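Here's the letter readout for the chains.
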Amino acid sequence: MLSRIFFMATLFLLQACAAQSQLVQDELETVTRENLKYYLYYPEGYSPNVDKEFGILLFLHGGGESGGELGWVKRNGPPRLLAQGKQFPFLILAPQNPHEKKWWNTHAVMQLLDSVVDTSNVDAKRIYLTGLSRGGTAAWELATQYPEKFAAMAVVCGMAPLPYAHWIGKEMPIWVFHGDKDDVIDVEESDQMVDKLKEMGYEVRYTRYKGVGHDAWDRAYTTDSLYTWFAEQKRIN
């Protein structure tokens with residue numbers, strides 16, 4: 001008798017729980033805010049009062065420059081060269097990832113880029129993209145999310161899933177740099193992506209440094225022909 005009562009009570013509870021189970025359809029509008037500090041370089045001859053338009057290079061730094069002081073951005077890449085007095089023929093936008101251990105918020109970066117382009121004498125068909133390490137990975141991501149935005153891209157020791165290759169606009173020339181002794185992001189990450197892109201008919205240059213570790217950016221960003229190459233690129237549509 002007791003076992004029968006226990007069985008009926010258990011069955012009742014299960015039925016009650018089942019009756020309460022339901023699939024609810026709803027939605028929530030979310031808002032993500034990001035505070036991006038940045039450097040913006042204007043080339044010689046630039047004037048907001050003149051109709052002449054310039055290209056712009058978006059530079060995304062690596063994990064070592066994330067968080068902390070904005071001055072850390074000048075440790076590597078074009079900002080370092082600017083601090084040393086080098087001149088460039090286009091604007092350079094160098095934001096800082098405010099999070100030490102988080103990936104770049106690429107949507108926030110694009111909002112910043114669009115704001116600078118809209119308020120400056122920038123040719124929208126000459127927007128260039130580059131990044132190193134974590135910033136190189138973000139560059140791959142931006143190229144897939146905005147395939148019609150950039151006129152050219154250079155990635156230094158970055159990484160991206162191979163399926164990303166299918167989402168990158170074929171009109172955009174790409175230059176990849178990587179050291180074959182990289183113990184942080186294996187050179188095979190770039191090897192495989194470059195092979196995939198070439199197989200699909202993309203225009204890709206690949207500089208694979210022999211005996212160089214993760215700091216391939218030291219050589220890549222002191223390659224003068226890189227900036228000449230950028231300046232020669234312009235989107236057709």
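Residues numbered from 1 in each chain as written. Predicted model: local features only at pLDDT ≥ 70, side-chain atom pairs only at ≥ 80, totals over all residues. Heavy atoms only, no water.

### Topic: unusual backbone geometry
Convention followed: Elements are defined by DSSP. Helices are runs of H or I of four residues or more, strands are runs of E of two residues or more, and each kind is numbered from the N terminus. Residue exposure (1.4 Å probe, protein chains only): buried if accessible area is under 20% of the type maximum, exposed if over 50%, otherwise partly exposed.
One non-glycine residue, S133, lies in positive phi territory at about 55°. Tracing the chain through its elements places S133 in the loop between β4 (122–132) and α4 (134–145). By relative accessible area, which is 11% here, S133 ends up buried. For C157, which is not glycine, the phi dihedral falls at a positive 45°. Along the polypeptide, C157 turns up in the loop between β5 (152–156) and β6 (174–179). Assessed through its relative accessible area of 0%, C157 is described here as buried.

### Here's the deal with the packing of aromatic side chains
Our working rule: Pairing of aromatic rings covers Phe, Tyr and the six-membered ring of Trp, with a centre-to-centre limit of 6.5 Å; geometry is then stacked below 30 degrees between planes, edge-to-face above 60, and tilted otherwise. To sit over a ring, a charge needs its Lys NZ or Arg CZ within 6 Å of the ring centre and within 35 degrees of the ring normal.
The final tally for this structure, using the stated rule, is 13 aromatic pairs. Arranged with centres 5.2 Å apart and planes meeting at 50°, the rings of W229 and F230 form a pair that is tilted. When sorted by exposure, W229 lands in the same class as F230, which is buried. Taken together through their ring pairs, the aromatic side chains of Y41, F88, F90, Y128, W175, F177, Y209, Y227, W229 and F230 make up a single cluster. Here the basic side chain of K86 rests over the ring of F88, its NZ or CZ set 5.5 Å away from the ring centre. Note that R205 overlies the ring of W175, its terminal NZ or CZ placed 4.8 Å from the centroid.

### Observations concerning the pattern of salt bridges
Quick note on the threshold: When a carboxyl oxygen of Asp or Glu lies within 4 Å of a side-chain nitrogen of Lys or Arg, that pair is called a salt bridge.
Here the structure, examined in full by the defined rule, presents seven salt bridges. One salt bridge connects K86 with D224, and the closest N-O pair in it is separated by 3.2 Å. One end of the pair, K86, is in the loop between α2 (77–83) and β3 (91–95); the other, D224, is in helix α7 (residues 224–232), and 138 residues separate them in sequence. Overall, the relative accessible area of 49% leaves D224 in the partly exposed class. The structure contains a network of salt bridges with shared partners spanning D123, R126 and K234.

### With respect to helix α5 (residues 188–199)
The α-helix winds at 3.6 residues per turn, so residues separated by three or four positions along the chain end up facing the same way. Short version of the rule: By this rule the span expected of a helix is its residue count minus one, scaled by 1.5 Å. Contacts are residue-level and defined by heavy atoms, with any inter-residue pair within 4.5 Å sufficient.
Between the first and last C-alpha of α5 there are 16 Å, a value that for 12 residues agrees with the 16 Å anticipated at 1.5 Å per step. Buried residues in α5 make contact with α4, β6 and β7 (204–209). G201 lies just past α5 and shows a positive phi near 90°.

Keep in mind these numbers describe shape, not what the thing actually does.
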